[in-house]
Amino acid sequence: MEKAGKLYFMIPIAILQHFADQKKVSTFDICEMIVEQNPSWVNRLFDNETSYCLNDLKHDVVGLIANDEHFIPRI
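Here the structure is a predicted model, which is why all the values come from computation and not from measurement.

K.L.:
Tell me about the overall build of the protein chain, residues and numbers included.
P.N.:
Helix and strand content of the protein chain: five helices and zero strands. Sequence-ordered secondary structure for the protein chain, helices as α and strands as β, is α-α-α-α-α. Here the C-alpha radius of gyration of the protein chain, 11 Å, is about what a compact globule of 75 residues would show, namely 11 Å. Along the longest, intermediate and shortest principal axes, the C-alpha atoms of the protein chain span 35 × 30 × 20 Å. A total of 75 residues make up the protein chain; the buried ones form 35% of that total. Contacts spanning at least 24 positions in sequence make up 51% of the contacts within the protein chain whose residues lie at least 6 apart. On the protein chain, roughly 4800 Å² of surface is accessible, and the fraction owed to carbon and sulfur atoms is 51%.

K.L.:
Lay out the packing of aromatic side chains with the relevant residues and their values.
P.N.:
Under the counting rule described, the total for this entry stands at two aromatic pairs. With a centroid separation of 5.4 Å and 85 degrees between ring planes, the pair formed by Y8 and F9 is classed as edge-to-face. Judged by relative accessible area, which is 26%, Y8 ranks as partly exposed. Take F9: its relative accessible area is 71%, and that puts it in the exposed class. Taken together, the ring pairs in this structure connect Y8, F9 and F28 into an aromatic cluster. It is K6 that lies over the ring of F46; its NZ or CZ is 5.6 Å from the centre.

K.L.:
Give me the lowdown on the pattern of salt bridges, citing residues and values where you can.
P.N.:
Going through the model one piece at a time under the given rule, you end up with two salt bridges. In this structure, K6 and E2 form a salt bridge, with 3.5 Å as the shortest nitrogen-oxygen distance. Of this pair, K6 and E2 both sit in helix α1 (residues 2-10), four residues apart, roughly one helical turn. R74 serves as the salt-bridge partner of D56, at 3.5 Å between the closest nitrogen and oxygen. On the criterion of sequence distance, the pair formed by D56 in helix α5 (residues 54-66) and R74 in the segment after α5 is long-range, its members being 18 residues apart.

Rules of the game
Residues numbered from 1 in each chain as written. Predicted model: local features only at pLDDT ≥ 70, side-chain atom pairs only at ≥ 80, totals over all residues. Heavy atoms only, no water. Helix = DSSP H or I, 4+ residues; strand = E, 2+ residues; numbered from the N terminus. Rg over C-alpha atoms; globule rule 2.2 N^0.38 Å. Buried < 20%, exposed > 50% of the residue type's maximum accessible area, 1.4 Å probe, protein only. Contact = heavy atoms within 4.5 Å. Areas by Shrake-Rupley, 256 points an atom, 1.4 Å probe, with all protein chains shown as cover. Phe/Tyr/Trp six-rings, centres within 6.5 Å; stacked < 30°, edge-to-face > 60°. Lys NZ or Arg CZ within 6 Å of the ring centre and 35° of its normal. Salt bridge = Lys/Arg side-chain N within 4 Å of Asp/Glu carboxyl O.

Pasting the structure below:
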């Protein structure tokens, strides 16, 4: 839950709201789903040695939520 909370404050609310509306869940639920379904990605995100920009974060979140079969994470 702690990682989902951190993720919630990192992702732009418009992206969270877009997917929350589609899935009929709360914006925080979207973060919880990302954490539960992608633990290795979340661990890389919160690794202090990882460097990323907001565009990388947005790219990855959209790909993870969309379950895009051709998705390649940047983080």
